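A closer look at the structure
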Amino acid sequence: MATLTKLEGIASNIRTDTSVHGSISRGKGSVSSTTTMNFLIDGKAVNADFGESMSINNGDHLIVAGVQKSNGLNALAYNNLTNGTYGEGGGTLRVIGIILVVLGVVTGMLVIPLLIIPIGIWVWWVGRRAKAALALCRQGSSAAHKPSAA
């Protein structure tokens, strides 16, 4: 289990991509979108893949928390100290995880529940980590990045 890492600093080089998935045929179907944001915090790469748009602009003072990977920090949550917004991408995962576990328990001891329950627990756990990452972001900023009183 990788530890959550907290990173604080000024955002720059922001790139936002929106992916649209699904199909509509004869007026029926479903479409969903995912917002991916890549940016630097004080020169360190951050990748955020949330189901919602994030309110982050160049020059904003941010705290992000997530899992450190070789290509940068995979953010699970953010706290924008400049404009007061914050968010995490795990709410839907927590709900889906609980639904899968309940579905597995309700359907009895067939082969499908034996697959659904572990997957549901894993999805819920990933969503729970995003909530823990948001709590880490919301703890506040370090003294090094607080504006000094003149």
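In this text, all values refer to a predicted model and were calculated from it rather than measured experimentally.

1. Section: the environment of Lys-44
Tracing the backbone shows Lys-44 in strand E3 (residues 44–50). The sequence separation of Lys-44 and Gly-9 amounts to 35 residues, and the corresponding C-alpha distance is 9.4 Å. Excluding residues that lie within four positions of it along the chain, Lys-44 makes contacts with Leu-7 and Phe-39.

2. Describing the confidence of the model for the protein chain
When pLDDT is averaged along the protein chain, the result is 81, and 87% of the positions lie at 70 or above. Taken element by element, the protein chain is modelled with least confidence in helix H1 (residues 91–106), mean pLDDT 77, and with most confidence in strand E4 (residues 61–69), mean pLDDT 91. Counted against residues more than four places away or in other chains, residues 143–150, with its pLDDT under 50, gives 5 contacts.

3. Focus: the pairing of E4
Of all the 9 residues making up E4, 7 are buried; the element is thus mostly covered by neighbouring parts of the structure. As paired elements, E4 and strand E5 (residues 72–80) share 8 bridges and run antiparallel to each other. By the bridge assignment for E5, Leu-62 is matched with Asn-80.

4. Some words on the nonpolar core
By size, the foremost hydrophobic cluster in this structure holds 15 residues, and its most contacted members are Phe-39, Ile-41, Val-46, Met-54, Ile-56 and Val-64. The set of elements that each furnish at least two residues to this core consists of strand E1 (4–25), strand E2 (28–41), E3, E4 and E5. Look past the residues within four positions of Val-64 in its chain and what remains in contact with it is Thr-5, Lys-6, Leu-7, Phe-39, Ile-41, Val-46, Leu-73, Ala-75, Ala-77, Tyr-78 and Cys-137. Core analysis: the second largest hydrophobic core is formed by 9 residues, Ala-65, Leu-76, Ala-133 and Cys-137 among them.

5. Side note on the pairing of E1
With 7 bridges connecting them, E1 and E4 associate as antiparallel partners. The residue bridging Thr-5 from the neighbouring strand is Gly-66, located in E4. The pairing of E1 with E2 spans 13 bridges and is classified as antiparallel. Opposite Ser-25, over in E2, you have Lys-28 as the bridge partner. Following E1, the chain reverses through 2 residues before pairing antiparallel with E2; Arg-26 in that reversal takes a positive phi of roughly 55°.

6. Notes on the environment of Lys-6
Relative to the assigned elements, Lys-6 resides in strand E1. On the basis of relative accessible area, Lys-6 is assigned to the partly exposed category, the value being 33%.

Rules behind the numbers
Residues numbered from 1 in each chain as written. Predicted model: local features only at pLDDT ≥ 70, side-chain atom pairs only at ≥ 80, totals over all residues. Heavy atoms only, no water. Helix = DSSP H or I, 4+ residues; strand = E, 2+ residues; numbered from the N terminus. Contact = heavy atoms within 4.5 Å. pLDDT = per-residue confidence, 0-100. Buried < 20%, exposed > 50% of the residue type's maximum accessible area, 1.4 Å probe, protein only. Pairing = 2+ DSSP bridges. Core = buried A, V, L, I, M, F, W, Y, C linked by side-chain atoms within 4.5 Å.

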